Amino acid sequence: MMNRMWKAVFATIVMILAAAPVRSETIAPAGAPVSKDLKHVLDRLQRHYRDTNSFSAKFSEEIATVGAPKRKRQGTVSFRKPGRMLWEFQDPEKQTIVSDGETLYSYDPDLNQVVETPLKQALKSSSATSFLLGIGNINRDFKAAFATPAKPTGLVDLILDAKAGGYKIEVGLDPKTYNLITLTLTDQLGDTTRVDFSDVHDNVELPESIFAFKAPAGADVVMAPASP
């Protein structure tokens, strides 16, 4: 089953990667002075993901929970608008997470259990849902700034402050392609989840069939409890 941090990671990636064009407006923070450099970066990010309909990549994940050892996993991800995703986690903690645009399926082979969650409930965010449906507006839902101090990563490092609160979001973008390379979420308790992407391929052919999940034979299928 997905924990709350991974649900937040999923929602954030949907918001960034599924963003629709925002007509002539920029995605700079409303009501605040913005440097020309930041405006340029945000406009390029918007244009890039407006024109990116699908992608595939490898990823590695590191979860740091206060008072507990770090956990690391890796795998592959495929994304296709609108709202299709497939995450395949490798050993030592195998897991499959699939979104068909309506339902999110989380399969744990060790437990042989599938948890089904309506996607809107899994995202728990009207802004995330609006991005999933292709009507999102990063300018409306985020305040953006360059990360300070600047990191020696060679990436374009941004802080995306969700106006709804709850998480601090840091992203690192490839300065040439504007692909998402790093994503770090920090919650109010100080727990962090970092996802690094590599071998990214944009606008690849991804058939609908890979996002059509079918529970393995004998698996226990449960519905996630309704949100309070």
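Predicted, not measured: the structure shown is a model, and the values here were computed from it.

**Considerations on the overall build of the protein chain**
Counting secondary structure elements, the protein chain contains five helices and twelve strands. Within the protein chain, residue pairs in contact and separated by at least 24 positions form 53% of the contacts whose partners lie at least 6 positions apart. By element, 53% of the accessible surface of the protein chain is carried by carbon and sulfur atoms, the whole surface being about 11,600 Å².

**With respect to the pairing of strand E1 (residues 54-64)**
The buried fraction of E1 is high, at eight of eleven residues. Pairing geometry for E1 and strand E2 (residues 71-80), over ten bridges, is antiparallel. Residue pairing across strands places Phe 55 opposite Phe 79, the latter belonging to E2. The sheet contact formed by E1 and strand E11 (residues 192-202) spans nine bridges and is antiparallel.

**Remarks on the environment of Ile 181**
Mapped onto the elements, Ile 181 comes out in strand E10 (residues 180-187). Take Ile 181: its relative accessible area is 19%, and that puts it in the buried class. Remark: the alpha-carbon pair of Ile 181 and Asp 199, spanning 18 residues in sequence, is separated by 9.7 Å.

**Some remarks on the confidence of the model for the protein chain**
Averaged over the protein chain, the pLDDT score is 77; the fraction of residues at 70 or greater is 73%. Averaged pLDDT values over the elements of the protein chain bottom out at 48 in helix H4 (residues 126-132) and peak at 92 in strand E12 (residues 220-223). Below a pLDDT of 50 lies the segment residues 18-34, which in the model reaches 45 contacts outside its immediate sequence neighbourhood of four places, other chains included. In the model, residues 127-135 has pLDDT below 50 throughout and makes 29 contacts with residues more than four positions away in sequence or in other chains.

**Here's the deal with the side chain of Ser 99**
By the element assignment, Ser 99 lies in strand E4 (residues 95-100). The exposure class assigned to Ser 99 is buried, which follows from its relative accessible area of 1%. In terms of polar contacts, Ser 99 uses its side chain to reach the backbone amide nitrogen of Gly 101, at 3.2 Å.

**Structural notes on the nonpolar core**
Within the largest apolar cluster, 31 residues are counted, with the highest numbers of intra-cluster contacts made by Trp 87, Leu 158 and Phe 197. Looking at this core, the element that brings in the most residues is helix H2 (residues 36-50), giving five residues.

**A few points about the side chain of Ser 78**
With respect to the secondary-structure elements, Ser 78 resides in strand E2. Residues in contact with Ser 78, not counting those within four places in the same chain, are Phe 55, Ser 56, Arg 84, Met 85, Leu 86, Leu 206, Ile 210 and Phe 211.

**A look at the pattern of salt bridges**
According to the stated counting rule, one finds eight salt bridges in the structure shown. Asp 43 is the salt-bridge partner of Lys 39, the closest N and O atoms lying 3.1 Å from each other. Placement of the pair is Lys 39 and Asp 43 together in helix H2, with a separation of four residues, close to one helical turn. The partly exposed category is assigned to Lys 39, whose relative accessible area is 39%. Judged by its relative accessible area of 15%, Asp 43 falls in the buried class. What emerges from the salt-bridge pattern is a single network uniting Glu 62, Lys 70 and Lys 72.

Each value, and the rule that gives it
- Residues numbered from 1 in each chain as written.
- Predicted model: local features only at pLDDT ≥ 70, side-chain atom pairs only at ≥ 80, totals over all residues.
- Heavy atoms only, no water.
- Helix = DSSP H or I, 4+ residues; strand = E, 2+ residues; numbered from the N terminus.
- Contact = heavy atoms within 4.5 Å.
- Areas by Shrake-Rupley, 256 points an atom, 1.4 Å probe, with all protein chains shown as cover.
- Buried < 20%, exposed > 50% of the residue type's maximum accessible area, 1.4 Å probe, protein only.
- Pairing = 2+ DSSP bridges.
- pLDDT = per-residue confidence, 0-100.
- Polar contact = N/O pair within 3.5 Å; in protein donor to acceptor, adjacent residues only side chain to side chain.
- Core = buried A, V, L, I, M, F, W, Y, C linked by side-chain atoms within 4.5 Å.
- Salt bridge = Lys/Arg side-chain N within 4 Å of Asp/Glu carboxyl O.

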